[in-house]
Amino acid sequence: MSATQRREQLIVIGRELFAERGFDATSVEEVASRAKVSKPVVYEHFGGKEGLYAVVVDREVRSLLTRVGNGLTAGHPRELLEQAALALLDYIEEETDGFRVLVRESPVMSNTGNFSSVLNDVAHRVEHILGAEFKSRGYDPKLAELYSQMLVGMVGLVGRWWLDVRKPRKGTVAAHMVNLAWNGLSNLEAKPTLITRRAR
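Residues numbered from 1 in each chain as written. Predicted model: local features only at pLDDT ≥ 70, side-chain atom pairs only at ≥ 80, totals over all residues. Heavy atoms only, no water.

As recorded by an unreviewed UniProt entry, the protein chain carries the name TetR/AcrR family transcriptional regulator and is attributed to Natronosporangium hydrolyticum.

Shown next, in the form of structure tokens:
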């Protein structure tokens, strides 16, 4: 096996183990054992478990963001919302191990490359779309960032839930998410207030 092939093998095995057990419960020994190599081979390629984890997470982040970016093709905001929801659910369905790696707890020293940072990146992509929609409806476009975080957060949390239950079917889940988000968005109040508290 060439060095490139060996590296790829270790990445695939690391991805499986991090998905199954998480970062803390995965050891270099286990990665080496599954690959049928010695521990120094893993260290040679990645410098340790942290290096392997960083490569695995980086690949998954790029894969998910590419899917979402490629999925956002329609011009109408409702269609864009549908496409974003389906892109995430497709990724969960087709790359289950990768999604499990992203949603598991990250090591303490990692502040990027986790699911929250991925959702934040997606939210920034959605923000400009919402900003234009808000402006056309007479709402404050500065609030587009807040709304994009809420929408993407909803899709992300539903995705985490659906990862394990897988019911109802993907299309049904996406349709209901869009139903809640879009029908809520279509009746937005320009200046919402809470009825349970006085404005301060």
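Now that the structure has been shown, the text picks up again.
(A) Quick look at the overall build of the protein chain. For the protein chain, the count of helices and strands is 9 helices and 0 strands. Seen in sequence order, the protein chain has helices and strands lined up from the N terminus as α-α-α-α-α-α-α-α-α. Projected onto the principal axes, the alpha-carbon positions of the protein chain cover approximately 65 × 35 × 30 Å. Across the protein chain, every contact between residues at least 6 apart in sequence was considered, and the portion connecting residues at least 24 apart equals 65%. Surface summary for the protein chain: the accessible area is close to 11,500 Å², and the carbon and sulfur share equals 52%. Charged side chains in the protein chain number 27 positive and 25 negative. The centres of these two groups are separated by 4 Å. (Helix = DSSP H or I, 4+ residues; strand = E, 2+ residues; numbered from the N terminus. Contact = heavy atoms within 4.5 Å. Areas by Shrake-Rupley, 256 points an atom, 1.4 Å probe, with all protein chains shown as cover. Lys, Arg positive; Asp, Glu negative; His and termini not counted. Charge placed at Lys NZ, Arg CZ, Asp CG, Glu CD.)

(B) Looking closely at the UniProt feature "domain: HTH tetR-type" (unreviewed entry) in the protein chain. Under the UniProt annotation, the feature "domain: HTH tetR-type" (unreviewed entry) is placed at residues 4–64. As a span, residues 4–64 carries 82% helix and 0% strand, and end to end its C-alpha atoms are 24 Å apart. (UniProt positions renumbered as here; feature names shortened; annotations may be inferred.)

(C) View of the side chain of T26. Its place among the elements puts T26 in the loop between α1 (3–21) and α2 (28–35). The exposure class of T26 is buried, given its relative accessible area of 2%. Among the polar contacts made by the side chain of T26, one reaches the main-chain carbonyl oxygen of G22 at a distance of 2.7 Å. Not counting residues up to four positions away in its chain, the partners in contact with T26 are L17, F18, R21, V31 and K49. (Buried < 20%, exposed > 50% of the residue type's maximum accessible area, 1.4 Å probe, protein only. Polar contact = N/O pair within 3.5 Å; in protein donor to acceptor, adjacent residues only side chain to side chain.)

(D) Broad picture of the pattern of salt bridges. Scanning all chains against the criterion turns up 15 salt bridges. R21 serves as the salt-bridge partner of E30, at 3.0 Å between the closest nitrogen and oxygen. The class for E30 is buried, based on a relative accessible area of 18%. A single salt-bridge network, built from bridges that share partners, covers R15, E60, R67, E94 and E95. (Salt bridge = Lys/Arg side-chain N within 4 Å of Asp/Glu carboxyl O.)

(E) Focus on the nonpolar core. Ranked by size, the top nonpolar core spans 59 residues in total, and within it V42, L64 and F99 carry the most contacts. Considering each element in turn, this core owes the most residues, 9 residues, to helix α5 (residues 77–94). Not counting chain neighbours up to four residues away, the residues in contact with L64 comprise L88, Y91, L102, F115 and V118. (Core = buried A, V, L, I, M, F, W, Y, C linked by side-chain atoms within 4.5 Å.)

(F) Highlighting a nonpolar patch on the surface. A grouping of L143, L146 and M150 is seen on the molecular surface, where their side chains present a nonpolar patch of about 260 Å² in accessible area. Assignment of secondary structure puts L143 in the loop between α7 (115–137) and α8 (144–165). (Patch = residues over 30% accessible without salt bridge, like charges linked within 9 Å, V, L, I, M, F, W, Y side chains within 5 Å.)

(G) Quick look at unusual backbone geometry. With an omega of -10°, the peptide bond between K167 and P168 qualifies as cis. Structurally, P168 is set in the loop between α8 and α9 (170–186). Unusually for a residue other than glycine, K36 sits at a positive phi of about 60°. One non-glycine residue, R166, adopts positive backbone phi at about 55°. Within the element layout of this structure, R166 appears in the loop between α8 and α9.

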